[in-house]
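# Understanding the architecture of this molecule
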Amino acid sequence: MTLLFDINTLCMLEDKLNISAGEIAELAGPGMRLGFLRTLLWAGLHEHHGDLDLKAVGLLIHGAGVEVTAAKVIEALVKAFPASEAGKATPGPRKAARTAAVAGTGQSSLSSGVG
């Protein structure tokens, strides 16, 4: 399955969660709420798998495991926010999501064994 976090995905998340992209970045990380993880994954899958609803995404998380899914979602978010200048260390997922330009990866992020 393909995860994509671009400007449209973040706008969709802001509307769905009624919080800013910066707040989303602050909440995305280890220990995030399961409903938040499910919503992040749903939004990230939406461009390429728009037929999935929240219940189906919850089943994907259940099948893959919460820790594995959270790690893949965080990885995709980090890839969506690359370091802004050569030679600088890549910021962590929360700082990257708050400060860098948005660019989706378009790469497959979940193993084919999921779903």
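About the criteria used
- Residues numbered from 1 in each chain as written.
- Predicted model: local features only at pLDDT ≥ 70, side-chain atom pairs only at ≥ 80, totals over all residues.
- Heavy atoms only, no water.
- Helix = DSSP H or I, 4+ residues; strand = E, 2+ residues; numbered from the N terminus.
- Buried < 20%, exposed > 50% of the residue type's maximum accessible area, 1.4 Å probe, protein only.
- Contact = heavy atoms within 4.5 Å.
- Areas by Shrake-Rupley, 256 points an atom, 1.4 Å probe, with all protein chains shown as cover.
- Phe/Tyr/Trp six-rings, centres within 6.5 Å; stacked < 30°, edge-to-face > 60°.
- Lys NZ or Arg CZ within 6 Å of the ring centre and 35° of its normal.
- Core = buried A, V, L, I, M, F, W, Y, C linked by side-chain atoms within 4.5 Å.
- Expected span 1.5 Å × (residues − 1).
- Arc of directions from axis to C-beta.
- Axes fitted to C-alpha atoms, helices over the stretch in contact; angles between N-to-C directions.
- Parallel < 35°, antiparallel > 145°, perpendicular 65-115°, else oblique.
- Left-handed = near helix turned anticlockwise from the far one by under 90°.
- Nonpolar A, V, L, I, M, F, W, Y, C, P; charged D, E, K, R; others polar.

### Describing the overall build of the protein
Counting secondary structure elements, the protein contains six helices and zero strands. Looking at the protein as a whole, 37% of its 115 residues qualify as buried. Sequence-distant contacts, at least 24 apart, represent 66% of the contacts inside the protein between residues at least 6 apart. Counting every atom, the protein has about 6400 Å² of accessible surface; 53% of that belongs to carbon and sulfur.

### Considerations on the packing of aromatic side chains
In this description, an aromatic ring pair is defined by two values, namely the gap between the centres and the angle between the planes. Going through the model one piece at a time under the given rule, you end up with zero aromatic pairs. The ring of W42 is capped by K16, whose NZ or CZ atom sits 5.4 Å from the centre of that ring.

### A closer look at the nonpolar core
Grouped together as the largest cluster of nonpolar side chains are 24 residues, with contacts concentrated most on L40 and V73. For this core, the elements supplying multiple residues, two or more each, are α1 (7-17), α3 (34-46), α4 (54-64) and α5 (66-80). A total of seven residues in this core trace back to one element, the largest contributor, which is α3. Aside from chain neighbours lying at most four places away, what touches V73 is L3, F5, L37, L40 and L41.

### Notes on α5
Given a rise of 1.5 Å per residue, 15 residues ought to cover 21 Å, and the 21 Å separating the end C-alpha atoms of α5 matches this to within 8%. Those residues of α5 lying buried are T69, A70, V73, I74, A76, L77 and A80. Considered in projection along α5, the buried side chains sweep an arc of 160° and stay on one side of the axis.

### Regarding the packing of α3 against α5
Where α3 contacts α5, the axes come no closer than 10 Å and their chain directions differ by 50°. Between α3 and α5, the interaxial angle falls into the category oblique. In this structure, the crossing between α3 and α5 has a hand that is left-handed. Residue-level contacts link L34, L37, L40 and L41 of α3 to V66, T69, A70, V73 and L77 of α5. For the contact of α3 with α5, a count of residues per class yields eight nonpolar, one polar and no charged.

### Looking at the packing of α3 against α4
Close contact between α3 and α4 brings their axes to 9 Å; oriented N to C, the two are set at 110°. Taken together, α3 and α4 sit at an angle that is classed as roughly perpendicular. Listed contacts from α4 to L37, R38, T39, L41, W42 and L45 of α3 are L54, V57, G58, L60 and I61. In the contact of α3 with α4, the residues fall into eight nonpolar, two polar and one charged.

### A look at unusual backbone geometry
At N18, a position not held by glycine, the phi torsion is positive, near 60°. A residue is classified by how much of its surface remains accessible, and N18, at 71% relative accessible area, is exposed.

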